[in-house]
Amino acid sequence: MPKYPAFLVLMTLAVPAWASPSFDCSKAQSDVESLICEDPDLAALDVLLAERFQQALAVAEGMTVGGEDSADALKATQRGWIKGRDECWKAENLRDCAQFAYQSREAELVTRWMLEEPQSTVFWTCEGNPANQVVTMFFDTNLPSIRFEHGDSIDTGLEVRTASGAKYEGNFGRSIWMKGESATYRTPDPDGSELSCIKAP
């Protein structure tokens, strides 16, 4: 067996396992996949997302009611996400677009399927009606994320920049803008009503 200098052995051992993405780079089918194969940081995000997807799929398949349908819907949304990711070739900065696509999708999977414990959970009473409650759960994902629960609806969102307070935006216009003990919660379109809320004790 040939002997190699010690520093070469150490260099070999130092190569991170996540330097390769979750897919076969010899079969890369898009500009984004080609870029991921050349960028260890993007490859790490790809591996992380693949793990998150499998975790979410296990949760969906383990549901006692509607598990098969939920799993099928999750697979469909993942296929749609991949198509959207591959559209990053149209973006001004391919790498930035790909990175955001991965980080936002990871946040969505974590918050939607509760793959981690939330950092904190806050209950909001809106329009002075205890029955009109918004629950917000905050997660320490690569992009700070939130899970909204209002009535029968569940949504996920990301933190956005704002001049004051903290604001998170979800889907279809849903958002919450928090300033201390009060918040403005916007319901999703087409209604898009703004509710005045206070933090529940």
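Cut-offs applied
- Residues numbered from 1 in each chain as written.
- Predicted model: local features only at pLDDT ≥ 70, side-chain atom pairs only at ≥ 80, totals over all residues.
- Heavy atoms only, no water.
- Patch = residues over 30% accessible without salt bridge, like charges linked within 9 Å, V, L, I, M, F, W, Y side chains within 5 Å.
- Areas by Shrake-Rupley, 256 points an atom, 1.4 Å probe, with all protein chains shown as cover.
- Salt bridge = Lys/Arg side-chain N within 4 Å of Asp/Glu carboxyl O.
- Lys, Arg positive; Asp, Glu negative; His and termini not counted.
- Charge placed at Lys NZ, Arg CZ, Asp CG, Glu CD.
- Helix = DSSP H or I, 4+ residues; strand = E, 2+ residues; numbered from the N terminus.
- Phe/Tyr/Trp six-rings, centres within 6.5 Å; stacked < 30°, edge-to-face > 60°.
- Buried < 20%, exposed > 50% of the residue type's maximum accessible area, 1.4 Å probe, protein only.
- Expected span 1.5 Å × (residues − 1).
- Contact = heavy atoms within 4.5 Å.

Q: What should I look at first to understand a negative patch on the surface in this one?
A: Among the surface-exposed residues, Glu-61, Glu-68, Asp-69 and Asp-72 lie close enough to one another that they form a single negatively charged patch. By the secondary structure assignment, Asp-69 is in helix H4 (residues 67-86).

Q: How should unusual backbone geometry be read in this particular structure?
A: Glycine aside, residues mostly have negative phi angles, and peptide bonds mostly take the trans form. Look at the link from Asp-189 to Pro-190: it is a cis peptide, with omega at 10°. Looking at the secondary structure, you find Pro-190 in the loop between strand E7 (182-186) and strand E8 (194-199). Phi angles above zero are rare outside glycine, and Met-114 is one such case at about 50°. Structurally, Met-114 is set in the loop between helix H5 (94-113) and strand E1 (120-126).

Q: Please explain the pattern of salt bridges as it appears in this structure.
A: One side chain can pair with another of opposite charge once the charged atoms of both are near each other. With the rule as written, the count across this model stands at 12 salt bridges. Its salt-bridge partner being Glu-149, residue Arg-147 comes within 2.8 Å of it at the nearest N-O pair. Here the salt bridges do not stand alone but share partners, grouping Glu-33, Arg-85 and Asp-86 into one network.

Q: Would you mind going over the packing of aromatic side chains with me for this structure?
A: Note on aromatic pairs: each is described by the distance of the centres and the angle between the planes. Taken as a whole, this structure holds 3 aromatic pairs when the rule is applied. Taking 6.2 Å as the distance between ring centres and 50° as the angle between the ring planes, the aromatic pair formed by Phe-148 and Tyr-185 counts as tilted. Residue Phe-148 is found in strand E3 (residues 145-150), and its partner Tyr-185 is found in strand E7; the two are separated by 37 residues along the sequence. Here Phe-148 matches Tyr-185 in class, with each residue buried.

Q: Looking at this model, I keep getting lost on H5. Mind explaining?
A: The α-helix advances 3.6 residues per turn, and as a result positions three or four apart in sequence lie on the same side. Taking 1.5 Å per residue, 20 residues should reach 28 Å; H5 reaches 28 Å between its end C-alpha atoms and fits that length. Of all the residues in H5, the buried ones are Ala-98, Ala-101, Tyr-102, Gln-103, Ser-104, Arg-105, Glu-106, Ala-107, Leu-109, Val-110, Thr-111 and Trp-113. Packing partners of the buried residues in H5 comprise helix H2 (31-38), helix H3 (40-61), H4, strand E2 (129-139), E3 and strand E4 (153-160). Among the residues trailing H5, Met-114 stands out with phi positive, at a value near 50°.

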